[in-house]
Amino acid sequence: MNHIELLTKELVDKIAAGEVVVNGASVLKELIENSIDANSKMISIITKNGGKSLIKVVDNGDGIYKEDIQKAFLRNATSKITSSLDSIGTLGFRGEALASISFAADISVITKTADQQTGIMAHVLQNKIISQNEISCNKGTVIEVRDLFRTIPARFKYLKKDQLETIEIIDVATKIALAHPETSIKLECDGKEIFYTSGNADILSCMNSVLGSESTAEMICVDIDDAPLFVHGYTSSSNFITEKRFQHIVLNGRYIHSGQINRAIDQTYKEYYGKSGASFLLYIQIPYHMVDVNVHPAKLEVKLLNESLILMLIKQGIRDALKKEFLLKEPSQNKVIYTEVSESEPVIMEEIADYIPKKMVSTQAQAFSDASFADKDNELNSANADQLETDEPPFIHREQVSHGKSSSVNKELIATLVNMPYIGNAFGLYAMFEMGDNLYAVDTHAAHERVLYEKYLKSYQQKAVATQPLMMPIIIPLPSKQIYILSQYNEEVADIGFEIDEFDTGNIAIRSIPYYFAKYDVRPIVTEIADEIVSWQTNDDFSKRSEHLIQIACHNAVRGSSDISENEVRALLKDLYETEMPYTCPHGRPIIGKINQKYFMKMFERI
Ligand code: ADP
Ligand code: MG
């Protein structure tokens with residue numbers, strides 16, 4: 001460890017400035033980065049009230065020399081760079097964080113280097129040491145930051161409520177833990193252990209600890225060795241391309257955000273599988289002089305030299321990983337065929353497209369897409385544009401009543417449909433009825449969602465959600481952030497009918513569920529509820545958002561349900577009739593549509 005020195009004025013002028021202390025999470029980021037820079041193998045973090053009362057970081061790193069302790073809290077004093085900003089290998093280099101923090105909060109520090117006999121304990125206020133004593137202690141550093149912004153009410157009032165600040169703290173600690181699987185990191189918030197990584201350098205076990213055991217399912221290895229560029233890490237296999245994903249990039253030990261890299265990877269997946277949405281955790285190593293980290297002290301962006309070359313290599317590495325996975329699979333499992341073609345051309349073809357005669361693809365597909373009722377601009381409808389304009393009924397269109405606008409779908413129609421001939425269930429989703437000149441399609445999921453939603457919401461508003469205890473609890477793995485938030489909103493979540501507690505590290509136990517969901521799989525419901533609460537950014541009450549949570553719950557319950565019998569369809573229509581808004585699902589999508597007989601006559605060229 002070097003001694004701490006003041007940066008020259010020339011260097012100070014070159015350093016991009018900006019506020020580093022905005023909340024507890026930003027303080028924590030600076031403290032953990034200091035511990036990492038000090039070669040710590042173990043870092044333990046304790047926070048209270050979202051960092052407002054306490055942020056404590058204990059490490060076993062190099063420590064600070066006794067004689068340097070004053071300097072550590074001066075602006076632009078650092079042990080990390082000497083002459084230039086051209087190739088920075090440490091996370092810190094501005095010598096600014098401890099000084100800034102000391103103006104925002106009370107700090108106490110205990111620290112000792114390996115070669116000094118005793119350590120030092122100091123209290124710091126507004127970058128001045130107000131007391132210091134020699135003490136005997138282990139090598140390493142303990143920093144406690146208390147009462148953030150106590151003396152600056154104008155800043156204090158911008159802090160969010162404790163839970164939201166804690167979520168940001170978990171976020172920061174998660175990113176740094178993922179960036180450093182070789183360092184053991186333990187995070188405890190308000191007396192509760194959020195995560196612990198062993199520091200055994202194994203990426204998957206580190207992901208497992210902080211992102212939950214689901215995160216490591218279906219990941220494939222990425223390895224690029226193209227000196228001086230190295231990329232190592234994991235990315236989603238073709239079986240695991242979803243909307244719910246994580247994208248983590250670590251560049252030279254620094255957690256960064258790069259829209260460019262994210263887009264490049266998305267594009268590669270699109271080429272191969274026709275869709276993006278991969279999760280990944282990649283560690284990129286390039287020579288320090290090829291990265292400019294002096295962009296903004298609190299932002300995660302960096303500037304890359306030779307950016308396009310780096311992007312190209314990353315894409316190639318992802319392609320290689322996907323190709324390897326593809327070759328390992330049984331041929332029958334492969335849903336897409338790809339061929340190696342130039343960058344700009346799409347490289348996938350759906351197998352099935354080969355077997356559909358061209359003509360059928362165009363006419364039939366057109367007919368199906370028309371039947372989605374949604375697109376008024378399509379060919380068929382534009383052929384009927386005159387009719388539409390003269391206000392005559394078009395052959396097909398979306399029929400719904402929403403927000404009081406009248407149309408031919410009304411409550412009476414629903415009552416009548418219940419007794420009409422049932423044709424069957426199309427695509428496992430649309431219950432088809434024939435009535436007069438029309439075929440009516442009922443989106444059974446949307447109808448179900450509406451019925452469930454109104455019943456469930458009403459019982460919630462009356463504080464009477466009927467619940468069903470489970471004989472065996474359902475155990476599901478969740479990321480640490482989600483587990484934390486469920487524990488914070490335990491009572492509120494119980495009010496919407498879910499009794500949940502932490503089962504063991506990384507898993508929750510669902511002990512009872514709303515009676516309405518007895519026949520559904522509640523795993524996706526609880527996962528989505530947790531994700532939703534984690535994403536809340538403002539200080540709004542739970543009660544204001546509960547309606548939305550109930551909506552999410554109903555949507556996820558119904559999404560997984562499958563075929564429905566005729567009797568069930570008729571019962572569903574009766575229930576739908578009883579709802580206040582039987583025309584749309586809670587998200588506003590129509591529930592009933594109709595196709596006029598003329599549509600078929602036109603399709604078969606009878607008229
Ligand atoms: P920077 O990290 O940019 O150098 P800081 O204000 O964060 O600036 O820290 C100032 C100096 O204090 C560091 O350069 C380092 O020498 C020392 N220091 C801070 N935290 C630790 C720690 N946990 N272990 C060892 N040294 C530390
Ligand atoms: Mg620092």
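Please refer to the structure placed before this passage.
These figures come from a predicted structure and were not determined experimentally. Think of each chain on its own: its residues are numbered from 1, step by step along the sequence as written. To read the labels, note that chains go from A and ligands from 1, taken in the order they are written. Whole-chain, interface and lining totals are the exception, using all residues; otherwise, since this is a predicted model, local features are given only for residues with pLDDT of at least 70 and side-chain atom pairs are given and counted only at 80 or more. The side-chain figures draw on all heavy atoms in the structure; neither hydrogens nor water molecules are used.

Secondary structure is summarised from DSSP: a helix means a run of H or I of at least four residues, a strand means a run of E of at least two, and numbering begins at the N terminus for each. Along the protein chain, the regular secondary structure elements total 20 helices and 27 strands. Going through the 607 residues of the protein chain one by one, you find that 49% of them count as buried. Across the protein chain, every contact between residues at least 6 apart in sequence was considered, and the portion connecting residues at least 24 apart equals 68%. The method behind every accessible area is Shrake-Rupley, applied with a 1.4 Å probe, and residues are considered shielded solely by the protein chains displayed. Carbon and sulfur atoms form 52% of the exposed surface of the protein chain, whose accessible area is close to 29,900 Å². Relative accessibility under 20% of the residue-type maximum defines a buried residue, over 50% an exposed one, and the middle range a partly exposed one, all with a 1.4 Å probe and only protein chains included. Whether two residues are in contact is decided by their heavy atoms, any of which lying within 4.5 Å being enough.

The next thing to look at is the site of ligand 1. In the vicinity of ligand 1, 21 residues are found, and the nearest of them are Asn 34, Thr 78, Ser 79, Lys 80 and Gly 95. As used in this structure description, the phrase polar contact means that two N or O atoms lie within 3.5 Å; if the pair is within protein, one of them must be able to donate a hydrogen and the other to accept it, and residues adjacent in sequence are counted only when both atoms belong to side chains. A distance of 3.0 Å separates an oxygen atom of ligand 1 from a polar backbone atom of Phe 93. Here an oxygen atom of ligand 1 and a backbone polar atom of Arg 94 are 3.1 Å apart. Taken by itself ligand 1 offers 530 Å² of open surface, and the protein chains cover 97% of this. Those elements that place two or more of their residues in the shell around ligand 1 are helix H2 (24-37), strand S4 (77-78) and helix H4 (97-104). Ten residues, namely Ala, Val, Leu, Ile, Met, Phe, Trp, Tyr, Cys and Pro, are considered nonpolar, four, namely Asp, Glu, Lys and Arg, are considered charged, and the remaining ones, Gly among them, are considered polar. Within the shell around ligand 1, the residues separate by chemical class into nine nonpolar, eight polar and four charged. Residues are counted as near a molecule or strand when any one of their heavy atoms sits within 4 Å of it.

Side chains that are three or four residues apart share a direction in an α-helix, a result of its 3.6 residues per turn. Here helix H19 (residues 566-578) is 13 residues long and its end C-alpha atoms lie 19 Å apart, about the 18 Å a rise of 1.5 Å per residue gives. All of the buried residues along H19 are Val 569, Arg 570, Leu 572, Leu 573 and Leu 576. Buried residues of H19 fall within an arc of 155 degrees about the axis and therefore sit on the same side. In H19, the exposed positions that point more than 90 degrees away from the buried face belong to Asn 567, Lys 574 and Glu 578. Looking at the buried residues of H19, the elements they touch are helix H13 (411-417), strand S21 (422-426), strand S22 (430-435), strand S23 (438-443) and helix H14 (444-461). A helix's residues, less one, multiplied by 1.5 Å, set its expected span. By construction, the arc corresponds to the directions joining the helix axis to the C-beta atoms.

With that settled, the discussion passes to the side chain of Glu 532. For Glu 532, the location among the structural elements is in helix H17 (residues 523-535). Lacking a salt bridge, the buried Glu 532 has Arg 545 as its closest oppositely charged neighbour, with an N-O distance of 4.8 Å. For Glu 532, the side chain forms a polar contact with the side chain of Trp 536, separated by 3.1 Å. Setting aside residues up to four positions removed in sequence, Glu 532 forms contacts with His 548, Leu 549 and Ile 552. His is not counted here, nor are the chain ends, while Lys and Arg score as positive and Asp and Glu score as negative. Only one rule defines a salt bridge in this text: a Lys or Arg side-chain nitrogen within 4 Å of an Asp or Glu carboxyl oxygen.

In this model helix H18 (residues 542-559) runs 25 Å from its N-terminal to its C-terminal C-alpha over 18 residues, within 8% of the 26 Å that 1.5 Å per residue would give. Axes are fitted to the seven residues ending at a residue and to the seven starting at it; the angle between these axes is taken as the bend at that residue. A maximum bend of about 25 degrees is found in H18 at His 548. Contacts from the buried residues of H18 go to H14, helix H16 (490-495) and H17.

Glancing now at the sheet that holds strand S10 (residues 192-196). What makes two strands pair is DSSP finding at least two bridges between them. The strand order across the open sheet built from eight strands is S7-S6-S5-S8-S3-S2-S9-S10, with neighbouring strands paired in mixed fashion. Where the open sheet ends on each side, the last strands, each with one partner, are strand S7 (128-135) and S10. Strand-to-strand twist in this sheet, taken as the mean axis angle between neighbours without regard to direction, amounts to 10 degrees. The convention used is that axes are lines fitted to C-alpha atoms, helices contributing only their stretch in contact, and that angles between N-to-C directions extend from 0 to 180 degrees. Set on the sheet, H2 makes contact with strand S2 (42-48), strand S3 (54-59) and strand S8 (140-146); between it and S3 the angle comes to about 10 degrees. Against the sheet, H4 touches strand S5 (106-112), strand S6 (119-125) and S8, its axis set at about 140 degrees to S5.

Quick look at unusual backbone geometry now. Here the bond from Ala 227 into Pro 228 is cis, since omega is 5 degrees, no more than 30 degrees from zero. Checked against the element boundaries, Pro 228 lands in the loop between strand S11 (219-226) and strand S12 (229-236). Backbone geometry places Asp 190, a non-glycine residue, at a positive phi of 45 degrees. Locating Asp 190 in the fold gives a position in the loop between strand S9 (184-189) and S10. Taking the relative accessible area as the measure of exposure, Asp 190 reaches 35% and is therefore partly exposed. Within the chain, Ala 201 stands out as a residue other than glycine whose phi angle is a positive 75 degrees. Along the chain, Ala 201 turns up in the loop between S10 and helix H7 (203-211).

Moving on, we get to the nonpolar core. Nonpolar cores were defined as sets of buried Ala, Val, Leu, Ile, Met, Phe, Trp, Tyr and Cys residues, with membership established by side-chain atoms within 4.5 Å. Ranked by internal contacts, the top residues of the largest apolar core, which has 100 residues, are Phe 498, Ile 510 and Phe 517. Residue contributions to this core peak at 10 residues, all from helix H6 (residues 162-179). In contact with Ile 510, other than residues within four places in its own chain, are Leu 470, Pro 473, Ile 474, Ile 476, Phe 498, Glu 499, Ile 500, Val 522 and Val 526. One finds Leu 251, Ala 264, Leu 282 and Val 293 within the second-largest nonpolar core, a separate group that totals 39 residues.

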